[in-house]
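Structural overview
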Amino acid sequence: MKKNILVTGASSGFGLLVANELHSKGYNVIGTSRNPEKYASMLPFKMIALDLDSEQSINTLPERIFKEIPQLDILINNAGFLVSGIAEETPIELGRQQLETNFWGTIKVTNAVLPYFRKQKFGKIITVGSIVGLVSFPNAAYYAASKHALEGYFKSLRYELDEFNISVSMIEPSAFKTNIVDNSSSTLKKIEDYNTLRKKIEKFTVNLVEQAEDPAIVAEKVLKVVQVDKPKFRNIVGKGTTALINLQHFAYGILEKGVLKKLNKA
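The text that follows walks through the structure, step by step, so that each part is easy to find. Everything numeric in this text was worked out from a predicted model, so none of it was measured.

Turning to the pattern of salt bridges, a few remarks are in order. As enumerated under the stated definition, the model contains 8 salt bridges in all. Across the pair E89 and R198 runs a salt bridge whose closest N-O atoms are separated by 2.2 Å. Separated by 109 residues along the polypeptide, E89 in the loop between β4 (74–77) and α4 (92–120) and R198 in helix α6 (residues 195–211) bring together distant segments of the chain. The pair E89 / R198 is uniform in exposure class, with both members buried. Close ionic contact of E151 with R234 constitutes a salt bridge, the shortest N to O distance being 2.6 Å. With E151 in helix α5 (residues 141–161) and R234 in strand β7 (residues 234–237), this residue pair connects regions lying 83 residues apart in the sequence. The class for R234 is partly exposed, based on a relative accessible area of 25%. Put simply, E55, E100 and K108 are held in one network by salt bridges that share partners.

Here it is in structure tokens:
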């Protein structure tokens, strides 16, 4: 029997690539979007509505899922957005919204399906995090905070769900060519003291996007985690990620100097 997989945020970016990859491999995919009617006719898999900022949307999700399928095997948490900008320039309300959507929205969706996973005594929860959930960089303080929070939460959840045969995994991508930067939210408030740094960050970001890898690699990594019976918790993907993690844990000072050096060259 085909495994049934729910992919949140499946209308663009990693979510769209992941959903298409899984569909092409024979899985029964249900994707979510805040406005699924805009994409339904263009996609080969079923789309349903889900807004991570709406309690009603999340609370009614299981009922709507099980109108489409008899059983859910895998949840892939992917939906979210990027708040970019220097921390002090970013309004607290925008930062709070970043955490509300990326962290709390993801947790609420997970909690909505957990009773069904526990009852059937199996399931997989795969969450698309980010390398900035492990290593922070300038101009993305709130995004990094939301991804660090997910990392910590799902580490704990993995222990708690072990006896129910429910696996918990994170996908940690580095920089890839997606529309996340174009679709990011940022502040219009500017503090003059940061003008020099802001210019360096803008140039650094342009260079980063130009050198970014094909995001199809991330979809392939997710597929591997889907196919493995007992996947490991952390699944990093992208060039340079292993070196970054090693520096983070064992030589943070070198990592910090390297980031600052790249910024000053920009």
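On to the side chain of T8, then. Looking at the element boundaries, T8 is found in the loop between β1 (4–7) and α1 (13–24). With relative accessibility at 2%, the residue T8 sits in the buried group. Here the side chain of T8 touches N78 through a polar contact of 2.8 Å, landing on its backbone nitrogen. A distance of 2.9 Å separates a polar atom in the side chain of T8 from the backbone nitrogen of A79. Excluding residues that lie within four positions of it along the chain, T8 makes contacts with T32, L50, L75, I76, N77, N78, A79 and V109.

Ranked by size, the top nonpolar core spans 28 residues in total, and within it L6, I125 and F154 carry the most contacts. Mapped by element, the contributors of at least two residues to this core are α3 (61–65), α4, α5 and β6 (166–173). The biggest single contributor to this core is α4, with 7 residues. If we skip the residues at most four places from it in the chain, F154 touches N77, T106, I107, T110, I125, T127, V168, M170 and F233. In terms of nonpolar packing, the next biggest core, distinct from the first, is built from 25 residues, A19, F45, I76 and I126 among them.

Before going further, it helps to spend a moment on the packing of helix α8 (residues 241–250) against helix α9 (residues 252–265). The contact between α8 and α9 brings their axes to 6 Å, and the two run at 125°. It follows from the interaxial angle that α8 and α9 lie oblique. Contacts between α8 and α9 pair L244, L247, Q248 and F250 from the former with Y252, I254 and L255 from the latter. For the contact of α8 with α9, the per-class residue count stands at 6 nonpolar, 1 polar and no charged.

By the criterion of burial, strand β2 (residues 28–33) is predominantly enclosed, with 5 of the 6 residues buried. Here 4 bridges tie β1 to β2, and the two strands are oriented parallel to one another. Looking across to β2, one finds that I5 is bridged to V29. Sheet topology note: the β2/strand β3 (residues 46–49) ladder contains 4 bridges and is parallel.

Conventions adopted
- Residues numbered from 1 in each chain as written.
- Predicted model: local features only at pLDDT ≥ 70, side-chain atom pairs only at ≥ 80, totals over all residues.
- Heavy atoms only, no water.
- Salt bridge = Lys/Arg side-chain N within 4 Å of Asp/Glu carboxyl O.
- Helix = DSSP H or I, 4+ residues; strand = E, 2+ residues; numbered from the N terminus.
- Buried < 20%, exposed > 50% of the residue type's maximum accessible area, 1.4 Å probe, protein only.
- Polar contact = N/O pair within 3.5 Å; in protein donor to acceptor, adjacent residues only side chain to side chain.
- Contact = heavy atoms within 4.5 Å.
- Core = buried A, V, L, I, M, F, W, Y, C linked by side-chain atoms within 4.5 Å.
- Axes fitted to C-alpha atoms, helices over the stretch in contact; angles between N-to-C directions.
- Parallel < 35°, antiparallel > 145°, perpendicular 65-115°, else oblique.
- Nonpolar A, V, L, I, M, F, W, Y, C, P; charged D, E, K, R; others polar.
- Pairing = 2+ DSSP bridges.

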